[in-house]
Amino acid sequence: MLLRLVAEFDLQRDVVPWLAARGWAAALDTSEKSSALYVVNVERNGKIIYTWKGNQRNTHIGLYDRQTKQNEHLYMFERDLHIISCSVNSERTLLAVSFRQYTEEERVSRLLQSVSKYLTLLIEIHPINNVRVLKAVDSCVRVQFLYPDEGKRTSTESRLLLASEDKYIEQFDIHVVEEEEHKVVIQNPGQLPRARVADDLIWAQWDMMEQRLFYIVPKESRNTLKCIQFYPDENFNSVLESHLDISVHDTRLNSYRKKSNTCKRLVNFGYDYCQDQEVAPKSLNLQVFTSKAGGLCVCCSLVSDIPDEITYSIYFLHKGYNKTFTVSLERTETHQLKEVAFLNLDYYVAAYLPGQFLHLLNIQHPDLLCYSLFLAGENARIDRLCNCSIQSPLVSTVLDCSAGSIYAVSISDNALLQFLWNSKQDSERLAALHCALLYVGSTADLEMQIIWWISENLSTCHTFDPIQEFIIASLYCRMCPETHNLDKLLPYTSLLDWTGVIPEVTCATDIIPLPILDFQNSKGFWDKFNSNLESVKYAEPHLHYHNNVLRREWLNLSEEFFFFTVQKEERRTTAYLRNIIENAKKVLAHLDTWDCEERLTPLFQEEDYQQQLLMGLMVAQLKEHLMRHLQYVGKKKIDQIVLDYVANLLNLIHRMMKEVWRRYQLHSCIFCFDKRGSAAEFAVFHVMSRILEASNGMCLPLPPGFHTLHLGLGVRCLPLHTLLHYIDNGVLHLTETCVRKLLRDLDHTEKNEKLKFSIVTRLPEALGQKVHQFWNHPVNANFIAQKYVKLLLEKLGNRQYSRPVPERHSVPVEFLPLNYLTSMLAEIENQDLHPCEKQDHVNVRFVEETALKHTMMLLDLKYS
């Protein structure tokens, strides 16, 4: 099971033993437990209100504290009542109760037409004292006390919301005074101030944690979602208005607007299981969920005309669009209730139909379907949640109304990894990988498991690169908590688009109007929500950092740096290039402060100027991007963010190498070229090739030493023709460290000399000048001599040369063509055109001797 449930409260475990100890449990008939003992409400402080029937069918109300795990008896009615809604204030001095006195049949049979069907009371319970009737009506009323901020001192005023099915919500202000013996009573109980909060609503939901009221009112051809925020200073105001075109898809809501005079569902105003079961088939299944990152979603289950289909819609108000999903079900019985349950997991909204499917919809990044996880069959099963009588009153919390149990719900790390290993489709792999990295959070063990999975599945993913996704998503997870709004500027995926499909699921996307906000100086959720809306207005995808121009700039800088390296006498690096190099040095120095342990893989042990240029360039471009959009953040902070980002990138690649190295139990013998590589080394070489491909695809820098290590493995594992093919096609990069060791360590067998010659002929000019001297072989000497002559003649062609060539005396070899060439080269040397200052042994004499040796070898003669 992907979702893990931890029971935080259970009536049978936490309440029944307490009732039994007091002699109250005997009245709980096993066949009637669902109606005799059930949860009525969950307050903001986590305390749970429940009700049960006593021995004489008296109706009791109790309170369970999840922190102290203690039960408390609040009140008892000396008659058999059906409690609909109940709430207690934070000081536990007042109790509001709404109950049904009689059913419609009982009223007719007892000739009680003049007696109200529902009664709402306000009761003093510290100690139990006066009872005040708030409502006596024929329509259902729900009650809910407002709660001040946690830690606030005890208040002498409580505020109570009354939500009526007659389509209105009002607030009562209740002042209390303390009399002798600490008795708390209501002040002026006959004149309780009240204020109308909302009118003409057809649906409402209470957010207990943030003290917010969401409700829908019909307005012309559309329905309007509104939100009222209640503040600790006893004020409230409307902060949000959003037009929802639900009626286009849902005939139920359309009919409510035209025909009904009652509000069909009040969400989180208490949990009356029996009452909810009566109205569920007829009521609107709609819920609003918010996330810590400023996401606001409206989840609605819609009516489908096809028997074996379920349709539900998620309105991502913080993104400006909604997605409507239609799921083809397995054959079901017609009498089964097809009601989707929605759960708030903060980063995800879960759409759950027991026995059919579990759909985890990504709130933060809902644009690509591949980041939402759809499970069916056994994978969709959630233990202990086998019916639709479930609610999500708090984030990552589930209330099973029928069983009277509350669970903390989360995504199981082990189950997610198991699902990742067993997945056969790219959509499942990508969604599971994204969930593991961004929702579960990056831990050492989780990263290790993912890296192992990547190393085993490099060839099975066809629509995305798992290495790229691992690097980008891990960086996003590590960096975004550092600064507000950084999540809108850094890339969270390597994909620009995704055209895959989810089997048995169709999706339609519609643009919706952005909500209208009306708040001032509000921090927390509304500030983040407004920030999300601003990102949508400014075309959010374009805000994320991309390496679009990085590759071109890197190639240009590489050429410039090569020019300065070859012609050191003319080296005058520009200020821009110096700054780029300095950026790279800062990154590497910053990285050294993190990793104090001995590195398992031989990386970061040499200089790689190409990669340093790329590091420095990425630092410069990312800094420019962040400075443009995070103007309120200081330059010093942005510098630190950028250094952390690039250093984390290099550290992630090193982490991948270390885990692969450890898994295949490799050691430093890969730099010994005296034997062929093992199967384990070839597997690591394959992983490194895919890492190189992934980094090249996104123009990401690699840790210094990566190319040397990769080339060393290639020499050990690949046949010569394949090795040279990889070098010619840029898969393997020739580095000074590896080439120097190869030329120095390999013996002079024909096979090794062929390898050396093939490598030497492919060396770039600058690198060749550094390593040719390490190969003491006639072929290498001939190559150096040819190159020296070519350089001299090129220099000669670039300068006016009109003097006759002087006669050269005492030439040791009487071979006129060679005599003439050496005389001309000596004259050029005398004119200070020597091109090889650092190789003192390379001169005309060296060329002459090399030419003679080479000629004697061709003639199979002995040279002395």
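Here the structure is shown first, and the text comes after it.
For the structure given in this document, a descriptive report is provided here.

So, the side chain of Ser405
- Among the structural elements, Ser405 can be located in strand E30 (residues 405-411).
- Polar contacts involving the side chain of Ser405 include one to the side chain of Asp10, which spans 2.5 Å.
- When neighbours within four sequence positions are excluded, Ser405 is seen to be in contact with Phe9, Asp10, Val398, Leu399 and Asp400.

Observations regarding the sheet that holds strand E25 (residues 348-353)
- Overall, antiparallel pairing links the four strands, which are arranged E24-E25-E26-E27 in an open sheet. Strands at the two margins of the open sheet, each flanked by one partner only, are strand E24 (341-344) and strand E27 (373-376). Going from strand to strand, the sheet's axes swing by 15° on average, the running direction of each strand aside.
- Here four bridges tie E24 to E25, and the two strands are oriented antiparallel to one another.

Concerning the pairing of strand E18 (residues 236-244)
- Where strand E17 (residues 222-230) meets E18, eight bridges bridge the pair, whose relative direction is antiparallel. Its bridge partner lying in E18, Ile228 is registered against Ser238.
- Here E17 hands over to E18 after five residues, with Glu234 in that stretch at a positive phi of 75°.
- Bridge count between E18 and strand E32 (residues 516-517): two bridges; the pairing is antiparallel. Looking across to E32, one finds that Leu240 is bridged to Leu517.

Structural notes on helix H14 (residues 635-663)
- Taking 1.5 Å per residue, 29 residues should reach 42 Å; H14 reaches 42 Å between its end C-alpha atoms and fits that length.
- Taken across its 29 residues, H14 has 22 buried, putting it largely inside the fold.
- Of the residues flanking the end of H14, it is Gln665, one or two places downstream, whose phi is positive at about 55°.

Focus on the packing of aromatic side chains
- All chains considered together, the criterion is met by 24 aromatic pairs.
- With 5.5 Å between their ring centres and 70° between their planes, Tyr348 and Tyr439 make a pair best called edge-to-face. Within this pair, whereas Tyr348 is found in strand E25, its partner Tyr439 is found in helix H7 (residues 426-440), the two being separated by 91 residues in sequence.
- Through a chain of ring-to-ring contacts, the aromatic side chains of Trp18, Trp24, Tyr50 and Trp52 assemble into a single cluster.
- The ring of Phe525 has Arg212 lying over it, and the distance from NZ or CZ to the ring centre is 4.5 Å.

Focus on the packing of helix H12 (residues 575-592) against H14
- One can describe the packing of H12 onto H14 by two numbers: an axis separation of 9 Å at closest approach and a directional angle of 65°. When the axis of H12 is compared with that of H14, the two are roughly perpendicular. With respect to the hand of their crossing, H12 and H14 are arranged in right-handed fashion. Note on element contacts: H14 touches H12 through Gln640, Leu643, Asp644, Val646, Ala647, Leu650 and Asn651, opposite Asn583, Lys586, Val587, Leu588, His590 and Leu591.
- Grouping the amino acids of the contact of H12 with H14 by side-chain chemistry returns seven nonpolar, four polar and two charged.

Remarks on the side chain of Gln468
- Structurally, Gln468 is set in helix H9 (residues 466-479).
- On the basis of relative accessibility, which here comes to 12%, the residue Gln468 falls in the buried class.

Things to note about the pattern of salt bridges
- Following the criterion strictly, the structure yields 27 salt bridges and no others.
- The partner of Asp728 in a salt bridge is Arg762, with the nearest N and O atoms 2.8 Å apart. With Asp728 in helix H17 (residues 720-728) and Arg762 in the loop between helix H19 (750-760) and helix H20 (765-771), the pair connects residues that are 34 residues apart, well separated along the chain.
- Among the charged side chains, a network of salt bridges with common partners joins Glu447, Arg478, Arg655, Glu659 and Arg662.

What about the nonpolar core?
- Judged by nonpolar contacts, the single largest core of 133 residues is most densely connected at Leu358, Leu360, Ile450, Phe470, Leu626 and Ile691.
- Looking at which element gives the most residues to this core, the answer is H14, with 15 residues.
- Once residues lying within four places of it in the same chain are set aside, the contact partners of Leu358 are Leu3, Ala350, Ala351, Tyr352, Leu373, Phe374, Leu375, Ala380 and Ile382.
- One finds Val42, Ala204, Ile228 and Leu266 within the second-largest nonpolar core, a separate group that totals 36 residues.

Topic: the sheet that holds strand E8 (residues 118-125)
- Ordered in space as E6-E7-E8-E9, the four strands form an open sheet in which the pairing is antiparallel. The open sheet has two edge strands, strand E6 (82-88) and strand E9 (128-137), and neither has a second partner. Averaged over neighbouring strand pairs, the angle between their axes works out to 20° when direction is ignored.
- Two strands pair when backbone bridges link them, and E8 and E9 are joined in this way by seven bridges, in the antiparallel orientation. Looking at the pairing, Leu122 lines up with Arg132 of E9.

Comments concerning the packing of H12 against helix H13 (residues 609-629)
- With their axes 7 Å apart at the nearest point, H12 and H13 run at an angle of 95° to one another. Considering the angle they form, H12 stands roughly perpendicular to H13. Here Tyr576, Leu577, Ile580, Ile581, Asn583, Ala584, Val587 and Leu588 of H12 lie close against H13, whose contacting residues are Gln612, Leu613, Met615, Gly616, Leu617, Val619 and Ala620.
- Considering only residue class, the contact of H12 with H13 consists of twelve nonpolar, three polar and no charged.

So, the pairing of strand E16 (residues 212-219)
- Burial analysis of E16 places six of its eight residues in the buried class, which makes it a mostly covered element.
- Sheet topology note: the strand E15 (residues 203-207)/E16 ladder contains five bridges and is antiparallel. Its bridge partner lying in E16, Asp207 is registered against Arg212.
- Hairpin remark: E15 followed by E16, antiparallel, with four residues in the connecting loop; positive phi at Gln211, about 55°.
- Both E16 and E17 contribute to a ladder of eight bridges, which runs antiparallel. Paired with Lys219 across the strands is Arg222, a residue of E17.
- Between the antiparallel neighbours E16 and E17 lie two residues, among them Glu220 with a positive phi of about 55°.

Calculation rules
- Residue positions are given per chain, counting from 1 as you read along its sequence in written order.
- At least 70 in pLDDT is required for a residue's local features to be given in this predicted model, at least 80 for side-chain atom pairs to be given and counted, and no such filter applies to totals for whole chains, interfaces and linings, which use all residues.
- Each side-chain value is worked out from all heavy atoms of the structure, with water and hydrogens disregarded.
- Helix numbers and strand numbers start at the N terminus; a helix is a DSSP run of H or I with at least 4 residues, a strand a run of E with at least 2.
- We define a polar contact as two N or O atoms separated by no more than 3.5 Å, with the added condition that, inside protein, one atom must be a possible hydrogen donor and the other a possible acceptor, whereas residues neighbouring each other in sequence contribute only through side-chain atom pairs.
- We call two residues in contact when some of their heavy atoms are within 4.5 Å.
- In this scheme, strands are said to pair when DSSP sees at least two bridges between them.
- Each axis is a line fitted through C-alpha atoms, taken for helices only over the stretch in contact, and angles between the N-to-C directions span 0 to 180 degrees.
- Take the number of residues in a helix, subtract one, and multiply by 1.5 Å to get its expected span.
- The rule is simple: take the accessible area with a 1.4 Å probe, protein chains only, and divide by the maximum for that residue type; under 20% is buried, over 50% is exposed, in between is partly exposed.
- A pair of Phe, Tyr and Trp rings is counted when the ring centres sit within 6.5 Å of each other, with Trp represented by its six-membered ring. The angle between the planes then sorts it: under 30 degrees is stacked, over 60 is edge-to-face, the rest tilted.
- We call a charge positioned over a ring when the NZ of a Lys or the CZ of an Arg lies within 6 Å of the ring centre and within 35 degrees of the ring normal.
- Should an angle lie under 35 degrees it is considered roughly parallel, over 145 roughly antiparallel, and from 65 to 115 roughly perpendicular; all remaining angles are considered oblique.
- Handedness of a crossing is defined here by the sense of rotation of the near helix relative to the far one, left-handed for an anticlockwise turn of less than a right angle and right-handed for a clockwise turn.
- Gly is put with the polar residues, along with every residue not named as nonpolar or charged; the nonpolar set is Ala, Val, Leu, Ile, Met, Phe, Trp, Tyr, Cys and Pro, and the charged set is Asp, Glu, Lys and Arg.
- Here a salt bridge means any side-chain nitrogen of Lys or Arg lying within 4 Å of a carboxyl oxygen belonging to Asp or Glu.
- Residues belong to one nonpolar core when they are buried, are Ala, Val, Leu, Ile, Met, Phe, Trp, Tyr or Cys, and are joined through side-chain atoms within 4.5 Å.

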